[in-house]
Amino acid sequence: MTVLIADSGDGGILSLVRQRVQHLLRVSGLLGVAEKVRYFVTVAKLYRKNGVFHSLNPGFKVPPRALAYDAYSAPDWDFYKTSGSETAAFLFTVAQRHLPQDVAERVLEWGCGPARVIRHIPSAFGPKTEVYGSDYNSETIQWCTKDIPEVHFSLNGLLPPLQFPDGFFDFIYSISVFTHLSETVICEWIDELGRITHSGSIVVITTNGESFLVKLLPDELESYKSQGFVVRGNVEEGKRAFSSCQSPAYLGEKLSGRFEILEFAPASFPYTGQDMWVLRKP
């Protein structure tokens with residue numbers, strides 16, 4: 001396995017400093033305060049840009065800014081619309097490659113957040129596809145249900161199960177959800193995704209892999225090398241500030257027996273730069 005180490009130049013040094021500061025805020029319990037400050041600064045910086053977006057996109061509904069920040073780090077509406085539309089189109093090309101007759105009768109986004117991608121799935125996949133979204137943030141689901149009526153939304157817990165019958169979905173995708181869960185919880189969700197898919201179903205997930213290693217502190221890097229898994233906790237699991245990183249070998253072993261790996265594309269998923277896994281239920 002190739003391991004990427006932070007370079008010794010100024011960029012690597014600055015990255016290491018940033019990670020140490022974040023670590024100190026995390027262990028001191030002050031990360032939440034720092035995030036609130038960053039949120040207000042970000043909103044102020046985007047004020048004019050978002051004003052232009054609204055003038056050019058009248059009638060386009062956007063989620064509450066705090067929900068967008070929690071999900072994507074920035075309530076930037078141009079990013080929200082453009083990246084969501086292009087990601088939905090990309091996912092359709094994945095479905096075309098691997099689904100029989102290019103048709104998905106039922107699609108689920110597990111961890112849909114405030115609908116950045118899923119709101120575009122009905123137009124990307126076509127009228128024959130029923131689209132479902134689930135998330136564990138109740139405020140997100142309330143907004144999505146009210147403002148994105150063409151998608152069926154439901155609330156899930158941090159742990160399984162989802163409220164769907166066995167073998168219900170043809171295509172499931174999950175963007176940057178495994179990146180905010182602990183090892184035990186990830187294993188439970190792998191089983192649950194297997195339960196709600198049938199033979200031939202496709203599942204797409206993204207993870208933090210070796211491209212994330214440049215952000216790891218020395219002790220975290222050692223954990224990655226020895227265990228294949230790193231968690232940054234001290235905050236509520238599932239939230240953006242809770243992060244985890246899995247090696248391809250580690251996750252491949254966890255998926256073995258439940259899914260066949262059709263594609264593994266390191267650091268390649270659109271707009272996230274995360275590893276992409278395309279899986280098929282045997």
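Scroll up to find the structure.
What counts and what doesn't
Residues numbered from 1 in each chain as written. Predicted model: local features only at pLDDT ≥ 70, side-chain atom pairs only at ≥ 80, totals over all residues. Heavy atoms only, no water. Buried < 20%, exposed > 50% of the residue type's maximum accessible area, 1.4 Å probe, protein only. Helix = DSSP H or I, 4+ residues; strand = E, 2+ residues; numbered from the N terminus. Pairing = 2+ DSSP bridges. Right-handed = clockwise from strand over helix to strand, strands pointing away. Axes fitted to C-alpha atoms, helices over the stretch in contact; angles between N-to-C directions. Parallel < 35°, antiparallel > 145°, perpendicular 65-115°, else oblique. Left-handed = near helix turned anticlockwise from the far one by under 90°. Contact = heavy atoms within 4.5 Å. Nonpolar A, V, L, I, M, F, W, Y, C, P; charged D, E, K, R; others polar. Disulfide = S-S within 2.5 Å. Phe/Tyr/Trp six-rings, centres within 6.5 Å; stacked < 30°, edge-to-face > 60°.

Let's talk about the pairing of strand β2 (residues 130–135)
(1) Moving on: Where burial is concerned, most of β2 is hidden: 5 out of the 6 residues are buried.
(2) Moving on: Examined bridge by bridge, strand β1 (residues 106–110) and β2 share 5 bridges and lie parallel to one another. Bridge assignment links Leu108 to a residue of β2, and that residue is Tyr132.
(3) Moving on: Crossover β2 to strand β3 (residues 152–155) through helix α7 (residues 138–147) is right-handed.

Points about the packing of helix α8 (residues 183–195) against helix α10 (residues 248–255)
(1) Moving on: As a packed pair, α8 and α10 sit with axes 10 Å apart at the nearest point and diverge in direction by 40 degrees. In terms of axis orientation, α8 runs oblique to α10. Remark: the crossing between α8 and α10 carries right-handed chirality. Packed against α8, whose contacting residues are Glu183, Cys187 and Ile190, the element α10 presents Tyr250, Leu251, Lys254 and Leu255 at the interface.
(2) Moving on: Split by residue class, the contact of α8 with α10 holds 5 nonpolar, no polar and 2 charged.

Notes on the state of the cysteines
(1) Moving on: Enumeration according to the criterion identifies 0 disulfides in this entry.
(2) Moving on: Free of any disulfide, Cys112 has its nearest cysteine sulfur in Cys144, 4.8 Å distant.
(3) Moving on: Its relative accessible area of 0% is what places Cys144 among the buried residues.

Some details on the sheet that holds β2
(1) Moving on: Reading across from one edge, β3-β2-β1-β4-β5-β9-β8 is the order of the 7 strands in this open sheet, with mixed pairing throughout. Either end of the sheet is taken by a strand with one partner, and the two such strands are β3 and β8 (260–265). The sheet shows a mean angle of 15 degrees between the axes of neighbouring strands, taken without regard to direction.
(2) Moving on: Of the strand pairs in this sheet, strand β4 (residues 169–174) and strand β5 (residues 197–207) are connected by 5 bridges, and their pairing is parallel. The partner of Tyr173 across the bridge, within β5, is Val204.
(3) Moving on: Those strands touched by α8 are β1, β4 and β5, and its axis lies near 145 degrees from that of β5.
(4) Moving on: Against the sheet, α10 engages β5, β8 and β9 (275–280), with an angle of about 20 degrees to β9.

Structural notes on the packing of aromatic side chains
(1) Moving on: One pass over the full model with this rule turns up 20 aromatic pairs.
(2) Moving on: Taken together, a centroid distance of 5.6 Å and an interplanar angle of 90 degrees make the contact between Phe90 and Phe269 edge-to-face. Of the two residues, Phe90 is situated in helix α5 (residues 77–98) and Phe269 in the loop between β8 and β9; the sequence distance between them amounts to 179 residues.
(3) Moving on: Exposure remark for Phe269: the relative accessible area of 2% places this residue in the buried category.

A closer look at the pairing of β9
(1) Moving on: The buried count for β9 comes to 5 of 6 residues, which makes it a mostly enclosed element.
(2) Moving on: Pairing between β5 and β9: 6 bridges, direction antiparallel. Across the sheet, the residue bridging to Thr207 is Asp275, located in β9.
(3) Moving on: Across 5 bridges, the pairing between β8 and β9 is antiparallel. When the sheet's bridge partners are listed, Phe264 is paired in β9 with Trp277.

Examining the environment of Glu260
(1) Moving on: Looking at where Glu260 falls in the secondary structure, it is placed in strand β8.
(2) Moving on: Given the relative accessible area of 36%, Glu260 is considered partly exposed.
(3) Moving on: Sequence separation of Glu260 and Ile202 is 58 residues, and the distance between their C-alpha atoms is 9.5 Å.
(4) Moving on: Those residues in contact with Glu260 that sit more than four places away from it in its chain are Val278, Leu279, Arg280 and Pro282.

Comments concerning the environment of Ile141
(1) Moving on: Its place among the elements puts Ile141 in helix α7.
(2) Moving on: When its relative accessible area of 8% is taken as the criterion, Ile141 is described as buried.

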